[in-house]
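Chain by chain, the residues run as shown.
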Amino acid sequence: MPGKIKALWYFCMVVVVAGFLMLAFKGEMKKAQEQSDVEFQAASENQKKIEEKTVQIDPIKLVRELNALGKYEEAVEVARKAGERNPDHAQIQTWWGISLVKLGKRDEAIQHFILAAKKDPTDEKAHLYWGLTLAMDRKFKRAIGHYRTVLEINPEHSNAYAYWGASLSAMDKLEEAVSKLEESLVLNRFNSQAYGILIDVLHNQRNYERAWKMVKKARSDNVSLPQDSIERLSKVFPEPS
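Cut-off values and rules
- Residues numbered from 1 in each chain as written.
- Predicted model: local features only at pLDDT ≥ 70, side-chain atom pairs only at ≥ 80, totals over all residues.
- Heavy atoms only, no water.
- Helix = DSSP H or I, 4+ residues; strand = E, 2+ residues; numbered from the N terminus.
- Expected span 1.5 Å × (residues − 1).
- Buried < 20%, exposed > 50% of the residue type's maximum accessible area, 1.4 Å probe, protein only.
- Contact = heavy atoms within 4.5 Å.
- Salt bridge = Lys/Arg side-chain N within 4 Å of Asp/Glu carboxyl O.
- Axes fitted to C-alpha atoms, helices over the stretch in contact; angles between N-to-C directions.
- Parallel < 35°, antiparallel > 145°, perpendicular 65-115°, else oblique.
- Left-handed = near helix turned anticlockwise from the far one by under 90°.

> Describe helix α4 (residues 90-102), and please don't skip the residues or the numbers.
Here α4 contains 13 residues, and its C-alpha end-to-end distance of 19 Å stays within 8% of the 18 Å for a straight helix at 1.5 Å per residue. Judged by how many residues are buried, α4 sits mostly within the fold: 11 of 13 residues are covered. In this fold, the buried residues of α4 make contact with α2 (59-68), α3 (72-85), α5 (106-119) and α6 (124-136). G104, located one to two residues past α4, shows a positive phi value of around 90°.

Spelled out as structure tokens, the structure:
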């Protein structure tokens, strides 16, 4: 074979092999792209299912459960995400605030109670916890204002009367405190918080016999009482036989 023809033949062979390799490479690239597209679609569908499932979960129930378990940071995070998805949902704002209170961020919590009350003026829980948060900072008069609001929304809210009585007691208005605590127990005779606060107020009034009567009444209704209140009362006035 003449040299020129041989060289041309080699050149053609190189072109053919290179072309074959290029086509093979493109084929593999196409397969890889198709595989990538399939995987991306599957991942997108999976993410969509997760998001749909997440939306179906009641965020308020989840926040409550996390708070009950003492997982306050997680509760705040769940409330934050739910609040971003539902910016007009008053109850989410309320539970966001409650979680922040439990985390010790009271000033930040109040901002969420304010938002909840604006979005739903009938959200009694927002005002109740707003009042409790103020009371933690010894802002009792302002706290009572929110308990009043709760009772305007729901006149039979036993705990609102109990917390009102607690604030009055902290302000040394013991007679008024007893009155509110008695109203609380009229509405709910099994209210353990009202019983505990009332026994402490009667102790502070040195009305020991009546305090023991309230202890007896609570026990007859199988109401659990704070042990430290009983012990404090026992030290100054032993339980009558």
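> Describe in detail the pattern of salt bridges, supporting the description with residues and values.
Per the stated rule, a full pass over the model turns up 9 salt bridges. A salt bridge links D88 to K119; the nearest nitrogen and oxygen atoms lie 3.4 Å apart. Of this pair, D88 sits in the loop between α3 and α4 while K119 sits in helix α5, placing them 31 residues apart in sequence. A relative accessible area of 34% means that K119 is categorised as partly exposed.

> How would you explain the packing of α2 against α3 if you had to name every residue and give the values?
Closest axis-to-axis distance for the α2/α3 pair is 8 Å, and the angle between their directions is 165°. Considering their axes alone, α2 and α3 lie roughly antiparallel with respect to each other. The two elements α2 and α3 cross, and the hand of that crossing is left-handed. On α3, the residues that touch P59, L62, V63, L66 and N67 of α2 are Y72, E74, A75, V78, A79 and A82.

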